[in-house]
Amino acid sequence: MLSPLTLATLETNRASAGGKDSAALLQAIGRSLCKPIVLGPVLGIAFSLVGIPLPEALRRSFQLIGESAGGVGLFLTGLILSAQRIELSTNMLSGTFLKNIVHPLLAAGLILMLPMDRDTARAVLLLCALPSGFFGILFGLRYGFESHVAGSTLIASSLASAATVAVALVLTAGW
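Cut-offs and rules
- Residues numbered from 1 in each chain as written.
- Predicted model: local features only at pLDDT ≥ 70, side-chain atom pairs only at ≥ 80, totals over all residues.
- Heavy atoms only, no water.
- Helix = DSSP H or I, 4+ residues; strand = E, 2+ residues; numbered from the N terminus.
- Contact = heavy atoms within 4.5 Å.
- Areas by Shrake-Rupley, 256 points an atom, 1.4 Å probe, with all protein chains shown as cover.
- Expected span 1.5 Å × (residues − 1).
- Bend = angle between axes of the 7 residues up to and from the residue.
- Buried < 20%, exposed > 50% of the residue type's maximum accessible area, 1.4 Å probe, protein only.
- Salt bridge = Lys/Arg side-chain N within 4 Å of Asp/Glu carboxyl O.
- Core = buried A, V, L, I, M, F, W, Y, C linked by side-chain atoms within 4.5 Å.
- Polar contact = N/O pair within 3.5 Å; in protein donor to acceptor, adjacent residues only side chain to side chain.
- Patch = residues over 30% accessible without salt bridge, like charges linked within 9 Å, V, L, I, M, F, W, Y side chains within 5 Å.

Engineer: Before we go on, may I ask you to explain the overall build of the protein in this structure?
Structural biologist: Of regular secondary structure, the protein possesses eight helices and zero strands. Reading the secondary structure of the protein in the N-to-C direction produces α-α-α-α-α-α-α-α. For the protein, the spread of C-alpha atoms along the principal axes amounts to about 55 × 50 × 35 Å. Within the protein, counting contacts between residues at least 6 apart in sequence, those at least 24 apart form 76% of the total. In the form shown here, the protein has an accessible surface area of approximately 11600 Å², with 72% of it arising from carbon and sulfur atoms.

Engineer: Explain helix 4 (residues 56-82) to me, please; I cannot follow it from the model alone.
Structural biologist: Residue pairs three or four apart in sequence face the same way in an α-helix, which turns once every 3.6 residues. Compared with an ideal rise of 1.5 Å per residue, which puts 27 residues at 39 Å, helix 4 spans 39 Å between its outermost C-alpha atoms and is within 8% of the ideal. Remark: the principal bend of helix 4, roughly 35 degrees, maps to A69. Among the residues of helix 4, G73, T77, I80 and L81 are the ones counted as buried. Along its buried surface, helix 4 packs onto helix 7 (135-142) and helix 8 (148-172).

Engineer: Just to check I follow, could you spell out the pattern of salt bridges for this structure?
Structural biologist: If the charged atoms of two oppositely charged side chains come close together, the side chains can form a pair. For the structure shown, the criterion picks out two salt bridges. Two residues, R59 and E56, come together in a salt bridge whose shortest N-O distance is 2.6 Å. Taken together, the positions of R59 and E56, both in helix 4 and three residues apart, correspond to about one turn of that helix. With a relative accessible area of 36%, R59 lands in the partly exposed category.

Engineer: Would you mind going over the nonpolar core with me for this structure?
Structural biologist: The tendency in soluble globular proteins is for nonpolar side chains to be buried side by side. With six residues, the main nonpolar core is built from I80, L81, F134, I137, L138 and L154. Of all elements in the fold, only helix 4 and helix 7 reach the threshold of two or more residues within this core. Excluding residues that lie within four positions of it along the chain, I80 makes contacts with I137, L138 and L141.

Engineer: Quick question: what am I supposed to make of the environment of S68 here?
Structural biologist: Tracing the chain through its elements places S68 in helix 4. For the pair S68 and V102, spaced 34 residues apart in sequence, the C-alpha to C-alpha distance is 31 Å. Within polar-contact distance, the side chain of S68 engages the backbone oxygen of I65 at 3.2 Å.

Engineer: Just checking my understanding: could you explain a nonpolar patch on the surface for this structure?
Structural biologist: Residues L39, L43, I45, F47, L49, V50, I52, L54, L58, F62 and I65 make up a contiguous nonpolar surface patch of roughly 1000 Å² in combined accessible area. Broken down by secondary-structure element, the contributors of at least two residues to the nonpolar patch are helix 3 (36-50) and helix 4. Looking at which element gives the most residues to the nonpolar patch, the answer is helix 3, with six residues. Position of I45 among the secondary structure elements: in helix 3. For I45, a relative accessible area of 52% puts it in the exposed group.

Spelled out as structure tokens, the structure:
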């Protein structure tokens, strides 16, 4: 959900920077929805729900790509962030606080309100304690936006997640 929304926002900003009308804005949103980063997961979910089996060679190729994508993405993000300096600002601090503290607390509240099994609840809480994602930085670079706030928030959130993940593990150990 976040990738299409982020791409739509970036496409809209690009279209509105040229002073175009609302039709151009709708076209920008349509272009963002046709990007492979959006279509790939949607098609994968559709294939899975319908139960269409992939040929073995194609399945192995996708599996290999999937196994390496996370590491390659983190390596690329590290390269990008190594060229930036950390800027201490209220935006960076509030973003880190929201992601590392408020997000897991909201998830804990939902876990208490919604019926779910222990394993699912533990997975939800642990996933919410992880640091901010890196897609925003990569998308921003693709559209010519270099955000030092996003990079600084990602670094601070990663450092803070050492504590938040540890706390989440301790709190969910008896579940």
